[in-house]
Amino acid sequence: MPTFAMMNGNIVENVIIADDKEATEAALRCTLIEYNFPENPAEIGWCYNYDTGTFVPPQIEEEVETL
């Protein structure tokens, strides 16, 4: 059964398993993007690059402590 990233813009809002992409999109009123693990994994909070068709983890800026 296919696995999909439920999108909010280009951010993964949830991940689901569904039989029928179009019916699920209509029922949930969302955009789904199919992904394959481990080749192109998706996780909640990750970003989707529409140009490359890949999911990437969010960039986390490290806090630098000043003395």
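Okay, so let's go over this structure.

### Points about the overall build of the chain
A tally of helices and strands in the chain yields one helix and five strands. Counting helices and strands in the order they occur from the N terminus, the chain gives β-β-α-β-β-β. The principal-axis extents of the C-alpha atoms in the chain amount to approximately 55 × 25 × 20 Å. Taking all 67 residues of the chain together, 27% fall into the buried category. Summarising the internal contacts of the chain: among those between residues at least 6 apart in sequence, 43% fall at separations of at least 24. For the chain, the accessible surface area stands at approximately 5,200 Å², while carbon and sulfur atoms represent 50% of it.

### Thoughts on the environment of Asn8
Within the element layout of this structure, Asn8 appears in strand E1 (residues 3–8). Exposure remark for Asn8: the relative accessible area of 48% places this residue in the partly exposed category. Distance in space between the C-alpha atoms of Asn8 and Leu32 is 9.5 Å, their sequence separation being 24 residues. A distance of 3.2 Å separates a polar atom in the side chain of Asn8 from a polar atom in the side chain of Glu13.

### Digging into the side chain of Asn40
You can see Asn40 is positioned in the loop between strand E3 (31–35) and strand E4 (47–49). Of the polar contacts made by the side chain of Asn40, one reaches the backbone oxygen of Gly53; its length is 3.0 Å. For Asn40, the residues in contact, after removing those within four places along its chain, are Tyr35, Gly53, Thr54 and Phe55.

### Remarks on the packing of aromatic side chains
Taken as a whole, this structure holds three aromatic pairs when the rule is applied. One aromatic cluster is present, formed by Tyr35, Tyr48, Tyr50 and Phe55 through successive ring pairs.

### Observations concerning the nonpolar core
Judged by nonpolar contacts, Ala5, Met7, Val12, Ile33, Tyr35, Ala42, Trp46, Tyr48 and Phe55 together constitute the single largest core of nine residues. Ignoring any residue separated from it by four or fewer positions in sequence, one finds Tyr48 in contact with Met7, Asn10, Ile33, Gly53, Thr54 and Phe55.

So, how was this worked out
Residues numbered from 1 in each chain as written. Predicted model: local features only at pLDDT ≥ 70, side-chain atom pairs only at ≥ 80, totals over all residues. Heavy atoms only, no water. Helix = DSSP H or I, 4+ residues; strand = E, 2+ residues; numbered from the N terminus. Buried < 20%, exposed > 50% of the residue type's maximum accessible area, 1.4 Å probe, protein only. Contact = heavy atoms within 4.5 Å. Areas by Shrake-Rupley, 256 points an atom, 1.4 Å probe, with all protein chains shown as cover. Polar contact = N/O pair within 3.5 Å; in protein donor to acceptor, adjacent residues only side chain to side chain. Phe/Tyr/Trp six-rings, centres within 6.5 Å; stacked < 30°, edge-to-face > 60°. Core = buried A, V, L, I, M, F, W, Y, C linked by side-chain atoms within 4.5 Å.

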